[in-house]
Amino acid sequence: DTGVSQDPRHKITKRGQNVTFRCDPISEHNRLYWYRQTLGQGPEFLTYFQNEAQLEKSRLLSDRFSAERPKGSFSTLEIQRTEQGDSAMYLCASSPASLAGFEQFFGPGTRLTVL
Amino acid sequence: DQQVKQNSPSLSVQEGRISILNCDYTNSMFDYFLWYKKYPAEGPTFLISISSIKDKNEDGRFTVFLNKSAKHLSLHIVPSQPGDSAVYFCAASEGAGTASKLTFGTGTRLQVTL
């Protein structure tokens, strides 16, 4: 399977704990995105990388959130001191460096539940 | 501020008939539009897209229409099949052909009945 993969698929944690999610994009894609989706809503943009450079961050990304893509391949999203409001599906997407079109390919997501 | 709106939370259509899903947007800077389909416990799957320089794009059973003056787009599925039952998201971006974040609507749940 050469699609976008995310790990773990599910995470249950207690309020105040730190969590880290991993995303492996499609291998030839140099762009990587993180989104968050809550019940009844569409995905909301969090942040975007081109290779290892983080080029844009949403105001949704508070200082408790940090994302990295150290070698321009996989990416991690860390949430520190989790709150119940962080409960959501965290989606990763990747896209190729092409000007011919622009489609993002999504992984299956990590569902976070904060108790 | 919901910049992309899907005002119909759900739609039920008989197998073989046409499904029409609608989407409105408010941001005039949007120039590239996409439709995604999402099954439970899976990430969104890309269906079809359209650039603002076009008013129609077709791919098999799926056709997207764009009305820029009305800031409205629609997805037509003909004929509808039971496997089309899913949640459909409309998304938009600025700067067609460049890397840009997607702004999604809230989705429409399509149910195709036998």
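Here's a quick rundown of the structure. (Residues numbered from 1 in each chain as written. Chains lettered and ligands numbered in written order. Predicted model: local features only at pLDDT ≥ 70, side-chain atom pairs only at ≥ 80, totals over all residues. Heavy atoms only, no water.)

1. Some remarks on the sheet that holds strand β1 (residues 5–7) of chain A
All names here are of chain A. Put simply, the test is: Two strands qualify as a pair provided that DSSP identifies no fewer than 2 bridges between them. Helix numbering and strand numbering both begin at the N terminus, where a helix is a DSSP run of H or I of at least 4 residues and a strand a DSSP run of E of at least 2. Fitting a line to C-alpha atoms yields each axis, with helices limited to the stretch in contact; the angle taken between N-to-C directions then spans 0 to 180 degrees.
The strand order β1-β3-β8-β7 describes an open sheet built from four strands, whose pairing is antiparallel. Only two strands of the sheet have a single partner each, and these edge strands are β1 and β7 (65–68). This sheet shows a mean twist of 15° between the axes of neighbouring strands, independent of strand direction. Pairing geometry for β1 and strand β3 (residues 19–24), over three bridges, is antiparallel. Paired with D7 across the two strands is R22, which belongs to β3.

2. A look at the side chain of A:T47
Residues and elements named next belong to chain A. Which entries qualify depends on this criterion: For each residue, the accessible area found with a 1.4 Å probe, counting protein chains only, is set against the maximum for its type, and the residue is called buried under 20%, exposed over 50%, and partly exposed in between. Within 3.5 Å is the distance limit for a polar contact, defined as a pair of N or O atoms, with the added protein rule that one can donate a hydrogen and the other accept it, and that residues adjacent in sequence qualify only through two side-chain atoms. Contacts: residue pairs with any heavy atoms within 4.5 Å of one another.
Its place among the elements puts T47 in strand β5 (residues 44–50). Exposure remark for T47: the relative accessible area of 0% places this residue in the buried category. A polar contact of 2.7 Å, which involves the side chain of T47, links it to the side chain of Q54. Apart from the residues within four sequence positions on either side, T47 is in contact with L32, Y33, W34, Q54, E56, K57, L61 and A67.

3. What about the pattern of salt bridges?
Residue and element names in this part refer to chain A. Defined as follows: Should a side-chain nitrogen of Lys or Arg be within 4 Å of a carboxyl oxygen of Asp or Glu, the pair is scored as a salt bridge.
A full pass over the atoms with the stated rule returns five salt bridges over all chains. In this structure, the salt-bridge partner of D24 is R22, at a minimum N-O distance of 2.7 Å. Residue R22 is classed as partly exposed on the basis of its relative accessible area of 34%. Two residues, D86 and R64, come together in a salt bridge whose shortest N-O distance is 2.8 Å. Linking D86 in the loop between β8 (75–79) and β9 (88–95) with R64 in the loop between β6 (53–57) and β7, this pair joins segments that are 22 residues apart in sequence. What makes R64 buried here is its relative accessible area of 10%. Here the salt bridges share partners, and the residues they tie into one network are R64, E83 and D86.

4. Regarding the nonpolar core
Residue and element names in this part refer to chain B. What counts, and what does not: Residues grouped as a nonpolar core are buried Ala, Val, Leu, Ile, Met, Phe, Trp, Tyr and Cys residues, joined through side-chain atoms within 4.5 Å.
Membership of the largest hydrophobic core comes to 23 residues, with the highest contact counts inside it found for F33, W35, L73, L75 and Y88. Secondary-structure elements contributing two or more residues to this core are β3 (19–25), β4 (30–38), β5 (45–51), β7 (62–67), β8 (72–77), β9 (86–94) and β11 (108–113). Sort the elements by how many residues they give to this core and β9 lands first, with four residues. Sequence-distant contacts of F33, defined by excluding residues within four places in its chain, comprise Y25, I48, S49, I50, L66, L73, A91 and A92.

5. As for the packing of aromatic side chains
To keep things clear, this is the line we draw: Classification of ring pairs rests on two measures: the distance between centres of Phe, Tyr or Trp rings, Trp counted by its six-membered ring, which must be within 6.5 Å, and the angle between planes, read as stacked under 30 degrees, edge-to-face over 60 and tilted in between. Placement of a charge over a ring requires the Lys NZ or Arg CZ to be within 6 Å of the ring centre, with the centre-to-atom vector within 35 degrees of the ring normal.
As enumerated under the stated definition, the model contains 13 aromatic pairs over all chains in all. A centroid spacing of 5.4 Å and a plane angle of 40° characterise the contact between A:F21 and A:Y90, whose relative ring orientation is tilted. On the criterion of sequence distance, the pair formed by A:F21 in strand β3 and A:Y90 in strand β9 is long-range, its members being 69 residues apart. You'll find A:F21 and A:Y90 in the same group, each marked buried. Aromatic ring contacts, followed pair by pair, group A:Y33, A:Y35, A:F45, A:Y48, A:F106, B:Y36, B:F46, B:F89 and B:F104 into a single cluster. The residue whose ring lies beneath A:R22 is A:F74, and the NZ or CZ to ring-centre distance is 3.9 Å.

6. Comments concerning the interface of chain B and chain A
Selection criterion: Buried area is calculated as the accessible area (1.4 Å probe) missing from two parts once they are joined, with the contributions of both summed.
At the junction of the two partners, chain B supplies 21 residues and chain A supplies 23 residues. Here chain B packs against chain A, burying approximately 1,700 Å² in sum over the two surfaces, 61% of which is carbon and sulfur. On the surface where chain B and chain A come into contact, there are one salt bridge. At the boundary of chain B and chain A, one finds five residue pairs in polar contact (both at pLDDT 80 or more).

7. A look at the sheet that holds β7(B)
All names here are of chain B. Spatially, β1-β3-β8-β7-β6 is the arrangement adopted by the five strands of the open sheet, whose pairing is antiparallel. Looking at which strands have only one partner, the edges of the open sheet turn out to be β1 (4–5) and β6 (56–59). Across two bridges, β1 lies against β3 in antiparallel orientation. Each bridged residue has a counterpart across the sheet, and for V4 the counterpart in β3 is Y25.

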